[in-house]
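Observations on chain architecture
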Amino acid sequence: MNTTEKKRIYVDSEITKLERLIIHSPDSGLGKVVPSKAQDWLFEDIIHLDTMRKKEYDYYVKLLLYFLDPEKIQNKAAAIKADTKRGFFKPSSPDYFNSDKVIEFETLLADVLKMPEVKPQLVAAVSAIEECSYVEMKKFMDYETTELSKILITGMTNEGEMFFPPIPNLIFTRDIGIVINDHILLNKPAKAARSRESLLAKYIFFNHPFFEDLRGKIIEIEEDEDHFLLPEDEQSTRVDTLEGGDVMMVGPDHLLIGLSERTSVEAARQVINKLFEKDIVKKVSLVKIPAKRDYMHIDTIFTQIKRNVWVLLGSLGRTNEFANKELVWDELGQRITHEEILIKQFYKEEGVVKHRSFENLESLLKHVSEVDLKCKEPVEFIYSGNNAFPYGAREQWTDSCNLLVIQEGVAVGYDRNDKTMEAFQEKGFEIYRVEDILELFESGRKVPSEMKNTVIMLPSAELSRARGGSHCMSMPILRKPFFEN
Ligand SMILES: NC(=[NH2+])NCCC[C@H](N)C(=O)O
């Protein structure tokens, strides 16, 4: 018998059939971002909410439902289209799709707020970090849970009364936490704009009955005990932060952690200690990338598509003509633009923790494919922008390397990354616009579960201004175990 059949929470790879995930549809808070705050709130620009929802994100939801929970969407196309109020997509509407496979963060939050012991704690915690007055805190307690859930996310009431700033980055649920086999690692965000997200998530994972199996299996990053004693200026250089976009469960025993603008080496060390202590994985590889906005997390630089296929940014890899060309110019005394990446792998062997290095990203990814996933086919790399200047960098900026795999070889990407899509085609992938594929599903001319080697393109004019792709917009909590795939 399949031993993991009854599991609700389990992820041991990035590519097996996705069975359950947490998402968050763009809420009204995103439409309230003002230009002067956009950068502080980690958006590249202000966005047009209606377009982002109707012409972009709603397609993503429909697509996920077709693969993960088809009953909820089949034969509904006409009704969904006719409803200008988007009831199908709104948790508070009677027409809401309400799936336990494609799970909305806001519903989980509303559920825990219904728990009489949780509501006052959560209200007090949010009021404290948002510096609300005592009177405001009392007022929150009077709201009914669905509305309160919205207020805690958007910062305002349906009538427009504003209590605190929105958390527009909650659409990037990936960053909140990562499931590692049957455990979950919660984030400790580097950016203040994302603190409330992780606070809300904590209350959900620790209290919601759906996550019962996680009791005793939630890993949190703690502050060093002597941290409080350090002088202020040193405190800020020693903070332990970690965001989900930097953590990838690439094989049943192997976790990757990016050391980046957002994830510190101290946090990574804590994670390694905790994972090895409890024998949750056998290997952790640390991938140190340049700490800059362009590459905020490792999943902006590479993601896996199939056991033997990866998409990545060539200028941070090695087997690309660029790097080689740059080395020539380096020798000639020119200023080089090639940026370095450093990789160390820690592994536990007979109870002892050892480490080794990898020279470049490709050799690490090849190791994952061949050693962890026992892949026999040749490992292939698809490069952002097909590695042609200046498309590699341009398309990485708009998430050409940040794809979500729904089932092995079937991934979701952004339509604006033309050259990367060409590169996928050259490697034998079919490319579809999400609208077209949905029509094929609706008419029964294509069956989601039968699809292979396909990239489905999501419209992305607004979404990409928020600087994240489909990988960031997903928190997988259940995938088929790799060796049962
Ligand atoms: N996993 C990711 N790459 N997430 C992208 C997050 C983007 C978001 N605007 C931020 O800067 O935090």
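Residues numbered from 1 in each chain as written. Predicted model: local features only at pLDDT ≥ 70, side-chain atom pairs only at ≥ 80, totals over all residues.

The chain is annotated in an unreviewed UniProt entry as arginine deiminase of Lacihabitans lacunae. Of the chain, the UniProt comment under Catalytic activity (unreviewed entry) reads exactly: "L-arginine + H2O = L-citrulline + NH4(+)". The Pathway (unreviewed entry) field of the UniProt record for the chain holds the comment "Amino-acid degradation; L-arginine degradation via ADI pathway; carbamoyl phosphate from L-arginine: step 1/2." (UniProt positions renumbered as here; feature names shortened; annotations may be inferred.)

A count of helical and extended segments in the chain gives 15 helices and 18 strands. Relative to the globule expectation of 23 Å for 485 residues, the C-alpha radius of gyration of the chain, 22 Å, shows essentially globular dimensions. Once the C-alpha set of the chain is aligned to its principal axes, its extents read approximately 65 × 65 × 55 Å. For the chain, with 485 residues in total, the buried portion stands at 47%. (Helix = DSSP H or I, 4+ residues; strand = E, 2+ residues; numbered from the N terminus. Rg over C-alpha atoms; globule rule 2.2 N^0.38 Å. Buried ≥ 20, exposed ≤ 12 C-beta atoms within 10 Å, placed from the backbone.)

Inspection of the region around the ligand gives 16 residues, with L42, G245, H297, G468 and C472 positioned closest. Across the shell around the ligand, the residue classes break down as six nonpolar, six polar and four charged. (Near = placed C-beta within 6 Å. Nonpolar A, V, L, I, M, F, W, Y, C, P; charged D, E, K, R; others polar.)

Turning our attention to the sheet that holds strand β9 (residues 302-306). Pairing is mixed in the open sheet, where three strands are placed in the order β9-β10-β13. Two strands bound the open sheet, and with one partner strand each, they are β9 and β13 (380-383). Across the sheet, the axes of successive neighbouring strands diverge by a mean angle of 25°, strand direction being ignored. When strand β10 (residues 309-312) meets β13, the two strands line up parallel, connected through four bridges. Residue pairing for β13: L312 is matched across the bridge by Y383. (Pairing = 2+ DSSP bridges. Axes fitted to C-alpha atoms, helices over the stretch in contact; angles between N-to-C directions.)

On to the nonpolar core. The biggest cluster of nonpolar side chains holds 127 residues, and the ones touching the most others in it are L109, L255, V287, I301, F302, L312 and V412. At 10 residues, the largest contribution of residues to this core is made by helix α2 (residues 49-68). Non-local contacts of I301, meaning those with residues more than four positions away in its chain, are made with I289, Y295, L312, L313, L316 and C401. (Core = buried A, V, L, I, M, F, W, Y, C linked by C-beta atoms within 7 Å. Contact = placed C-beta atoms within 7 Å.)

Before going further, it helps to examine unusual backbone geometry. Note that the residue after F389, namely P390, is joined by a cis bond; omega there is -5°. Relative to the assigned elements, P390 resides in the loop between β13 and α13 (391-397). Phi angles above zero are rare outside glycine, and N181 is one such case at about 55°. Mapped onto the elements, N181 comes out in the loop between β3 (177-180) and β4 (183-186).

The strand order across the open sheet built from five strands is β6-β7-β8-β11-β12, with neighbouring strands paired in mixed fashion. With one partner strand each, in any of the chains shown, β6 (247-251) and β12 (352-358) form the two edges of the open sheet. Put simply, the sheet's adjacent strands are angled 20° from each other on average, direction ignored. Here four bridges tie β6 to strand β7 (residues 254-259), and the two strands are oriented antiparallel to one another.

This part covers helix α4 (residues 105-113). Taking burial as the measure, the nine residues of α4 include seven buried ones, the bulk of the element. Within the span of α4, buried status applies to F105, E106, L108, L109, A110, V112 and L113. Residues of α4 that are buried in the fold lie against β1 (18-23), β2 (102-104), α5 (118-129), α7 (145-154) and α8 (195-207).

This brings us to the pairing of β3. Alternating positions in β3 separate into two faces, G177 and V179 on one and I178 and I180 on the other, with burial throughout. The pairing of β3 with β4 spans four bridges and is classified as antiparallel. Within the sheet, the bridge partner assigned to I180 lies in β4 and is H183. Hairpin connection between β3 and β4: a loop of two residues separates the two successive antiparallel strands, and N181 in this loop has a positive phi of roughly 55°.

For the pair α2 and helix α15 (residues 434-442), interaxial distance at closest approach is 10 Å and the crossing angle is 35°. Taken as a pair, α2 and α15 cross one another with a handedness that is left-handed. Along the contact surface, α2 presents Y59, K62, L63 and Y66, while α15 presents V434, E435, L438 and F441. For the contact of α2 with α15, the residue count by class is six nonpolar, no polar and two charged. (Left-handed = near helix turned anticlockwise from the far one by under 90°.)

All right, on to the environment of K374 then. Among the structural elements, K374 can be located in the loop between α12 (361-372) and β13. The exposure class assigned to K374 is exposed, which follows from the 11 C-beta atoms found within 10 Å. Expressed as a C-alpha distance, the spacing of K374 and F483, which sit 109 residues apart in the sequence, is 9.7 Å.

Once that is clear, we can look at the environment of E349. Within the element layout of this structure, E349 appears in strand β11 (residues 342-349). For E349, a count of 9 C-beta atoms within 10 Å corresponds to the exposed category. Taking the C-alpha atoms as reference points, E349 and S443, separated by 94 residues in sequence, lie 53 Å from one another.

If you check which residues of helix α14 (residues 418-426) are buried, you get T420, M421, A423 and F424. End-on, the buried residues of α14 take up no more than an arc of 155°, which puts them together on one face. Here the buried face of α14 lies against β13, α13, β16 (430-433) and β17 (454-458). Two residues or fewer after α14 comes G428, characterised by a positive phi angle close to 95°. (Arc of directions from axis to C-beta.)

Let us look at the environment of F346. Tracing the chain through its elements places F346 in strand β11. On the basis of neighbour count, F346 is assigned to the buried category, with 21 C-beta atoms found within 10 Å. Counting along the chain gives 60 residues from F346 to L286, while the straight-line C-alpha distance between them is 8.1 Å.

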